[in-house]
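Single-letter residue listing:
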Amino acid sequence: MSVQAEFEANQAKLQKDSKEIEEWWSQPRWANTKRTYTAKDIALRRGTLPPHEYPSTVMSKKLFNILSKHHANKTVSQTFGALDPVQITQMSKYLDTIYVSGWQCSSTASTSNEPGPDLADYPMDTVPNKVEHLFKAQQFHDRKQWEERVTANSAENLAAKGPAIDYLTPIIADADAGHGGLTAVYKLTKMFIERGAAGIHMEDQTSTNKKCGHMAGRCVIPVQEHINRLITIRMCADVMNSELIVVARTDSEAATLISSTIDTRDHYFIIGATNPKVEESLAETLDKAIINGATAEQLQFIEKKWNEKAGLKLFHEAFADEVNSDSTLSAVEKKSLIDQFNSKVGPLSEISHHDASKLAQRLIGREIYFNWDLPRVREGLYRYRGGTQCAVMRARAFAPYADLVWMESNYPDYEQAVEFAEGIKAKYPHQWLAYNLSPSFNWQAAMSPEEQYTFIDRLGRLGYIWQFITLAGLHTTALAINNFAKDFARDGMKAYAQNVQQREMDCGVDVLKHQKWSGAEYIDGILKLAQGGVSATAAMGEGVTEDQFKSKL
């Protein structure tokens, strides 16, 4: 082919591919999705192979349909974090989604084989590997069941097998904070798509200081920096022809630190020093104390005293205090000035500190001292005071780039959930919401059993269509094994025979016949097919112990 012919062929393919991508994006699936790039930008990066539909894309489409129905019906997809193939096969009987938790993976499935707390310091392929582990099991059990049901010799025989189980339950997985910069986010997304995830969630914490959403010391990144992550996730999915569901999580409700002051949308929530007499920064003060041999307890005391002297506040608090301390103003005048300021400067106004400072100066005729560099912690991070309205501001900013938004919270507070939902839906009425029914909460102290029973449904009516207990797989396993080990040590085989095996029989748990559950009959069929229909080494042939259970089922 001549260079001219290659040039023309390349341009024709680029134009054709771009048009096909534009048609794809015109579908209702993308009605609420914002992209900052063009179809041509994606076509340029797809290569020459025809677009491939990954199995995970089939699951993403299925998940989108599931969530769409829940949204329309004000119902909920409720699920929990799964540990292994046993759990997902049992969950699929009753639940329509599966969750894969980074916390559980950090503690039980790190690819470094080194367990630890949820600091996202495990290798970045850890959660994708767990997704692949579970997704392959789903596909295996789906194939096994299909063969069993399609070989039924009559409708009566099929009915005797009971209803089919949809083992292909969509998986939503924890992508933490992306495990690095935008190239890491791109590669991580690619791994999830390749390994079977129907959806992923990513939070707005720093990737270097990431912590479990219920630990202290959480540090968020600027709003736009997280938007860039979400754009990168969708861009990667577009290049891979994937309809990946994206969940944007914000940890700002309880955040105390932020990595940068660059985004004006964060300025309202950044803490500064208000005492001009404090000239030395906190970091310098602590460094000098460390050089002089201060102990950890002494450093804590020094920091506490420095904070008190510096007068740490948010700027709108500093303005109110300045107005209220002016003895020349009446109470009515003070209230009027504060109301005028707050009408322009609020948690959702997204006004810059520069403009807020200018407004304050115009209202009271003098500049208010406010320095957010002095209180920076020794790691260089700025002080931040989040809260529910902060989470609303951030989730609103993230919403156009995600299918669901989620505020990580410290308590199962229904009124707080109402505030968040109303804040989001005031701007985006059709936005899908997610909620973490965390086992880190003390549910017994938070609400009565009756309130616990209705909590999911009440949240569902607010728009929280996907709700999940992150670590229920881990906790139920721990409880079951603790109880069985204790009983087994005391009662011997009676503990297993009566408390496990008999309960499996009573509840119709298919793992009772674990050889069949693991696919022994299915694999026997493959062996016989490979050997002309007969295999002397068939695993489920005469003598298999599972014959002992035939009269029981």
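Residues numbered from 1 in each chain as written. Predicted model: local features only at pLDDT ≥ 70, side-chain atom pairs only at ≥ 80, totals over all residues. Heavy atoms only, no water.

An unreviewed UniProt entry annotates the chain as Isocitrate lyase of Arxiozyma heterogenica. Within the UniProt record for the chain, the comment given under Function (unreviewed entry) is "Catalyzes the formation of succinate and glyoxylate from isocitrate, a key step of the glyoxylate cycle, which operates as an anaplerotic route for replenishing the tricarboxylic acid cycle. Required for growth on ethanol or acetate, but dispensable when fermentable carbon sources are available. Also acts on 2-methylisocitrate." What UniProt states about the chain under its Pathway (unreviewed entry) heading is, verbatim, "Carbohydrate metabolism; glyoxylate cycle; (S)-malate from isocitrate: step 1/2." (UniProt positions renumbered as here; feature names shortened; annotations may be inferred.)

Undergrad: Could you clarify how one ought to interpret helix 15 (residues 388–398) in this entry?
TA: Because an α-helix completes one turn every 3.6 residues, residues spaced three or four positions apart along the sequence face the same direction. Of all the eleven residues making up helix 15, ten are buried; the element is thus mostly covered by neighbouring parts of the structure. Listed as buried for helix 15 are T388, C390, A391, V392, M393, R394, A395, R396, A397 and F398. Buried residues belonging to helix 15 abut strand 5 (219–220), helix 9 (223–239), strand 6 (245–250), strand 7 (257–258), strand 9 (404–407) and helix 16 (414–425). (Buried < 20%, exposed > 50% of the residue type's maximum accessible area, 1.4 Å probe, protein only. Helix = DSSP H or I, 4+ residues; strand = E, 2+ residues; numbered from the N terminus. Contact = heavy atoms within 4.5 Å.)

Undergrad: Can you help me understand the packing of helix 13 (residues 331–344) against helix 14 (residues 353–364) in this one?
TA: Geometry of a packed helix pair, given as the angle between the helix axes and the separation of the axes. Where helix 13 meets helix 14, the closest approach of the two axes is 11 Å, and the angle between their N-to-C directions is 160°. What the angle tells us is that helix 13 and helix 14 run roughly antiparallel. Note on packing geometry: the crossing formed by helix 13 with helix 14 is right-handed. Residues L337, Q340, F341 and K344 of helix 13 lie in contact with helix 14, whose contacting residues are A356, L359, A360, L363 and I364. Residue classes in the contact of helix 13 with helix 14 are distributed as seven nonpolar, one polar and one charged. (Axes fitted to C-alpha atoms, helices over the stretch in contact; angles between N-to-C directions. Parallel < 35°, antiparallel > 145°, perpendicular 65-115°, else oblique. Left-handed = near helix turned anticlockwise from the far one by under 90°. Nonpolar A, V, L, I, M, F, W, Y, C, P; charged D, E, K, R; others polar.)

Undergrad: Would you take a moment to explain the layout of surface pockets for this structure?
TA: Over the atoms, a rolled probe matching the size of one water molecule traces out where space is still vacant. Approximately 1000 Å³ is the volume attributed to the largest pocket. In terms of lining, the largest pocket is formed by 27 residues, of which the most central are V86, T476, A480, V500 and E504. For the lining of the largest pocket, the elements supplying multiple residues, two or more each, are helix 4 (85–91), helix 19 (472–491) and helix 20 (493–507). Among the elements that take part in the lining of the largest pocket, helix 19 stands out by supplying eight residues, more than any other. In this structure, the second largest pocket spans a volume of roughly 620 Å³. What lines the second largest pocket is a set of 22 residues, among which E148, K161, G508, D510 and K516 lie closest to the centre. If you list the elements that add at least two residues to the lining of the second largest pocket, you get helix 6 (126–150), helix 20 and helix 21 (514–517). Broken down by element, the residue count for the lining of the second largest pocket peaks at four residues, all from helix 6. Grouping the amino acids of the lining of the second largest pocket by side-chain chemistry returns ten nonpolar, three polar and nine charged. (1 Å grid on protein atoms, 1.4 Å probe; cavity = no way out; pocket = protein on both sides within 12 Å on 5 of 7 lines; lining within 4 Å. Points joined across faces, edges and corners; volume = space filled by probe spheres on them.)

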